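# Notes for the structure review
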Amino acid sequence: MMTSRRLLQLAVIVVALAYPIVTSGSPVWQRLGALVLLAAISASAWNIVGGYAGQVSVGHAVFFGIGAYAAVVAFVHLDLPPILGAPIGMLLSVAVAVVVGVPTLRLSGHYFSMATIAVGELVRVLSSTSDWLGGAQGLGGPAMPRTVFDLSFVSAMPYYYIFLAVLTGLLGLTWWIERSRMGFYLRAIKDSERAARSLGVSAGRYKLHAYMLSAAFTSLAGSLYLCMFGFIDPESGFGILLSVKMVVMAALGGAGQLFGPLIGALILVPLEELSNSLLGGQGAGITFVVYGAIIVIIARFLPSGLLSLLERRPHPGTKAAPANPNPASGHAD
Amino acid sequence: MVQLSRRALTVGAASAAFAFATDVAAEEVVKIGVLYPLSGNAASAGNTSKMAVELGADIVNKGDPELAKLMPIARGGGLSGLKGAKIQLVIADNQGTPAAGQNQTLRLITQEKVAAMIGAYQSGITLTASAVAEKYGIPFVNPESVAANLTERGFKWFFRVTPVAADFAKAYSAFLKEQKAAGRKVDAVAIVHENTEYGNSVAGVIADVFAKEGLKVMQNIAYSANSTDVQPEVLQLKEKNPDVVLFISYTSDAILYTKTMKALNWKPEIMMADASGFNDQAYVKSMGREVEGLISRSAFAPGKPGSIAAICEALYKKKSGGDGLDDGSARSLEGFLVLADAINRAGSTDPAKIQAALKATNMPADQMVAGYNGVKFDAKGQNTLGSSLIIQMRNGDYVPVWPKAKATADLVLPFKGWTK
């Protein structure tokens with residue numbers, strides 16, 4: 001049991017590290033790997049507050065956009081490499097998370113989601129009226145790389161390894177939180193906030209902490225996006241579709257599970273790219289039809305995501321996660 | 001044994017034939033990547049542009065006898081410079097997002113091995129998509145994006161055919177100076193513009209060009225877009241009473257200004273508009289009869305019967321099953337014909353040779369579908385001969401009145417406007 005698990009882990013690591021080398025003959029497939037990782041970063045960041053704490057934010061694009069704009073502003077207004085804007089974006093996002101989170105995290109369920117949508121749309125509209133941010137037309141990063149620090153490469157390989165490192169760091173942090181006191185509190189809040197409060201868990205504080213952490217990493221994903229694509233406008237930075245994609249990816253894989261968002265990204269990003277490549281030329285917009293269908297299917301048949309399929313198998317008829325209280329068994333509950 | 005060898009022979013012959021076939025095919029086809037928003041917000045504009053490019057490919061591949069008399073490239077039978085190679089379009093959807101635009105451009109270049117790219121309608125997507133083409137050294141022809149910074153990036157593989165705000169401003173000033181020479185009063189100009197990106201930037205460019213050309217802008221009125229009341233602005237105009245008023249407005253404001261000017265019964269000598277709201281079918285249908293003599297601009301007008309524009313209009317109508325060419329699709333078709341002409345002159349699918357041919361492009365005005373003075377690129381890849389047709393409202397519809405060579409009706413001034 002242990003050895004086969006180890007083997008699987010080893011195989012995953014080898015595949016993850018070797019992927020861009022194996023696909024170096026096809027820039028499209030190589031880039032697809034980087035796109036999956038980038039999507040997995042923002043969806044995993046969302047997972048901290050949306051999955052573990054159960055606060056379904058549908059306005060996370062706010063932080064993604066702040067990260068992307070921070071990077072482009074560092075270039076356009078300060079003439080710095082875009083990536084130097086990333087820490088500023090993360091700090092700003094944490095600040096915005098506090099300002100938005102303190103009042104809205106008091107709301108429960110749908111009301112919190114609705115409030116985050118409202119904030120997201122507000123920021124999108126505001127950004128499109130700001131000349132400093134390029135208005136509705138948006139801002140472009142360095143047209144031609146000046147130094148390697150501009151992170152503007154022809155090949156997707158450098159992006160792939162940068163994204164892989166960031167995702168590994170983020171998942172490591174999430175794994176640590178999962179096992180820490182905060183992780184237990186968050187799960188308690190998710191199951192029943194009232195019960196958690198009655199047991200002395202400071203629900204408001206932990207939800208806010210999760211929200212801040214989530215915002216910081218979503219913002220980092222935005223900065224990395226800007227480095228790779230070199231352009232941001234209000235729609236691609238703050239558009240609601242971005243927020244929805246984070247939610248759908250995490251939900252498809254398994255919200256509140258360590259690898260859930262990554263699994264979701266592994267399925268949805270290639271699906272989106274391939275369907276657009278194969279069918280987009282006809283102008284049918286089939287990608288969005290597929291997206292819609294998947295949301296409906298998850299909601300109906302797999303409310304706890306694909307990973308819940310794996311977990312059910314060893315414990316037929318019972319809920320897998322609470323059945324095994326020993327964290328050392330490796331359950332990512 | 002006999003059987004085996006026969007089989008081997010057959011397989012060998014078949015594979016030889018196959019190899020031969022692919023060899024020939026590789027020579028006979030020039031692949032061009034076409035990137036437009038086929039889904040998302042701008043899908044309707046993207047689809048008309050895509051159809052215009054398809055029409056362009058039909059013109060080159062199949063030809064049109066009538067058009068061939070005016071344009072050598074329309075003789076049919078493919079590109080004569082490449083021994084009759086046919087153009088094959090590889091069409092991709094940019095989904096209205098800069099990210100998808102870039103991903104698809106990479107696919108078209110590295111997987112489909114296109115020799116050149118055309119697209120991508122929205123300025124932001126053109127920006128990200130052309131950055132990939134630049135890195136891979138593939139020519140990128142942009143027929144319709146107007147953001148000024150696109151040609152300020154120092155790119156070597158980017159060519160923009162469409163005129164930008166400065167070209168429109170030059171067309172306006174040339175038009176107004178001609179009226180002045182004909183004895184009409186154009187001494188005082190007022191610019192009225194909405195205050196978002198579009199209105200501010202276009203108004204700024206026009207004011208600059210007019211100042212350089214010696215036209216006096218005496219009033220510059222900014223108002224907030226989607227106003228509910230523009231009486232104060234119109235009263236300002238009425239007080240100063242300029243000879244020429246130029247509006248830069250979206251549809252609802254255009255309608256409101258027209259109604260308010262009528263209510264306050266004030267007309268300038270010449271009323272002009274920078275397309276957009278005033279060219280919108282919604283405006284033309286509801287207000288067209290109230291603004292007899294209004295001057296606007298368009299990249300396209302069908303022109304005189306038998307002209308290139310008129311023939312292309314008819315061909316496009318046949319293809320679309322109804323709608324004719326418009327400001328957007330005419331520019332896309334023009335962009336494609338510029339690219340096809342360059343590939344034909346390059347006589348090769350080698351991107352570097354196509355780039356060199358594009359740089360050497362020099363198309364005269366009489367070869368244009370759109371209302372340009374021709375196509376010739378500067379060092380930044382901007383078409384320096386981009387211009388605009390001046391159109392005038394007559395009996396509820398626009399007709400081209402300037403320049404004379406492309407006019408189908410005589411200019412009638414002063415502005416007549418509403419009749420009680």
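What you see is a predicted model; the values in this text were computed from it and never measured.

Okay, the overall build of chain A next. Summing up its helical and strand segments, chain A has 15 helices and two strands in all. Here chain A has a C-alpha radius of gyration of 20 Å; the compact-globule value for 333 residues is 20 Å, and the two agree. Seen through its C-alpha atoms, chain A measures out along the principal axes to roughly 55 × 50 × 40 Å. Across the 333 residues that make up chain A, the buried fraction comes to 48%. Across chain A, every contact between residues at least 6 apart in sequence was considered, and the portion connecting residues at least 24 apart equals 74%.

Attention shifts here to the overall build of chain B. Each helix and strand in chain B was counted, giving 13 helices and 14 strands. Relative to a compact globule of 420 residues, whose C-alpha radius of gyration would be 22 Å, chain B shows 24 Å and is just as compact. Summarising its shape, the C-alpha atoms of chain B cover approximately 105 × 40 × 35 Å along the three principal directions. Summarising the internal contacts of chain B: among those between residues at least 6 apart in sequence, 67% fall at separations of at least 24.

Moving on to the environment of L413 of chain B. With respect to the secondary-structure elements, L413 of chain B resides in the segment after strand 14 (397–402). Among all residues touching L413 of chain B, those that are not within four sequence positions of it are Q179, R184, I270 and G293 of chain B.

Turning to the packing of helix 12 (residues 327–346) of chain B against helix 13 (residues 351–359) of chain B, a few remarks are in order. The packing of two helices is summarised by the inter-axis angle and the distance between the axes. All names here are of chain B. Between helix 12 and helix 13, the shortest axis-to-axis distance is 8 Å and the interhelical angle comes to 115°. The handedness of the crossing between helix 12 and helix 13 comes out as right-handed. Two secondary-structure elements touch here, helix 12 through A342, I343, R345 and A346 and helix 13 through K353, I354, A356, A357 and L358. Here the residues of the contact of helix 12 with helix 13 are counted per class, giving seven nonpolar, no polar and two charged.

Turning our eyes to something else, we now look at the domain arrangement of chain B. Residues and elements named next belong to chain B. Each assigned domain of chain B is listed here: domain 1 (12–163 + 304–387) and domain 2 (166–298 + 390–406). Once you take the C-alpha centre of each, domain 1 and domain 2 turn out to be 33 Å apart. The partner domain 2 presents six residues to the five residues of domain 1 that form the contact. Here the side of domain 1 that touches domain 2 is built from residues that sort into one nonpolar, three polar and one charged.

Following G119 of chain B, the chain continues to A120 of chain B via a peptide bond in cis, the omega torsion being 5°. Backbone torsion omega between W402 of chain B and P403 of chain B reads -5°, so that peptide bond is classified as cis. Note on placement: P403 of chain B falls in the segment after strand 14. Unusually for a residue other than glycine, L151 of chain A sits at a positive phi of about 50°. Locating L151 of chain A in the fold gives a position in the loop between strand 1 (139–140) and helix 6 (157–179). Unlike most non-glycine residues, K113 of chain B shows phi in positive territory, near 55°. Tracing the chain through its elements places K113 of chain B in the loop between helix 4 (98–110) and strand 3 (116–119).

This brings us to the environment of Q382 of chain B. All names here are of chain B. Residue position: Q382 is located in the loop between strand 12 (374–375) and strand 13 (389–394). On a C-alpha basis, the gap between Q382 and A299 in space is 16 Å, while along the polypeptide they are 83 residues apart. In contact with Q382, not counting residues within four places along its chain, are T151, R160 and F377.

On the side of chain B, 32 residues touch chain A, which itself brings 25 residues to the contact. Of all elements in the fold, only helix 2 (27–52), helix 12 (260–279) and helix 13 (286–301) of chain A reach the threshold of two or more residues within the side of chain A that touches chain B. Across the side of chain A that touches chain B, the residue classes tally to nine nonpolar, 13 polar and three charged.

Residue and element names in this part refer to chain A. Running from amino to carboxyl end, helix 3 (residues 61–76) crosses helix 9 (residues 203–229) at an angle of 45°, the nearest separation of the two axes being 6 Å. Taken together, helix 3 and helix 9 sit at an angle that is classed as oblique. Remark: the crossing between helix 3 and helix 9 carries right-handed chirality. Of the residues in helix 9, those in contact with F63, F64, G65, I66, G67, A68, A70, A71 and V72 of helix 3 are A215, T218, S219, L220, A221, G222, S223, Y225, L226 and C227.

Now for helix 5 (residues 110–128) of chain A. With 19 residues, helix 5 of chain A should cover 27 Å at 1.5 Å per step; its first-to-last C-alpha distance of 27 Å lies within 8% of that length. Here the buried face of helix 5 of chain A lies against helix 3, helix 4 (85–104), helix 10 (234–238) and helix 11 (240–253) of chain A.

Turning to the nonpolar core, a few remarks are in order. Counting residues in hydrophobic clusters, the biggest one holds 214 residues, and the most contacted among them are I41 of chain A together with A116 of chain B. Sort the elements by how many residues they give to this core and helix 2 of chain A lands first, with 16 residues. Domain assignment of the residues forming this core places at least three in each of domain 1 (12–163 + 304–387) and domain 2 (166–298 + 390–406) of chain B. Discounting chain neighbours no more than four positions away, the residues touching A116 of chain B are I32, I138, P139, V141, L339, I343, P351 and I354 of chain B.

Residue and element names in this part refer to chain A. In this model helix 4 runs 27 Å from its N-terminal to its C-terminal C-alpha over 20 residues, within 8% of the 28 Å that 1.5 Å per residue would give. Of all the positions in helix 4, only G85, A86, G89, M90, S93, V94, A97, V100, G101 and T104 are classed as buried. Each element contacted by the buried residues of helix 4 is listed here: helix 3, helix 5 and helix 9.

Rules and cut-offs
- Residues numbered from 1 in each chain as written.
- Chains lettered and ligands numbered in written order.
- Predicted model: local features only at pLDDT ≥ 70, side-chain atom pairs only at ≥ 80, totals over all residues.
- Helix = DSSP H or I, 4+ residues; strand = E, 2+ residues; numbered from the N terminus.
- Rg over C-alpha atoms; globule rule 2.2 N^0.38 Å.
- Buried ≥ 20, exposed ≤ 12 C-beta atoms within 10 Å, placed from the backbone.
- Contact = placed C-beta atoms within 7 Å.
- Axes fitted to C-alpha atoms, helices over the stretch in contact; angles between N-to-C directions.
- Left-handed = near helix turned anticlockwise from the far one by under 90°.
- Nonpolar A, V, L, I, M, F, W, Y, C, P; charged D, E, K, R; others polar.
- Domains from an automatic or database assignment.
- Parallel < 35°, antiparallel > 145°, perpendicular 65-115°, else oblique.
- Expected span 1.5 Å × (residues − 1).
- Core = buried A, V, L, I, M, F, W, Y, C linked by C-beta atoms within 7 Å.

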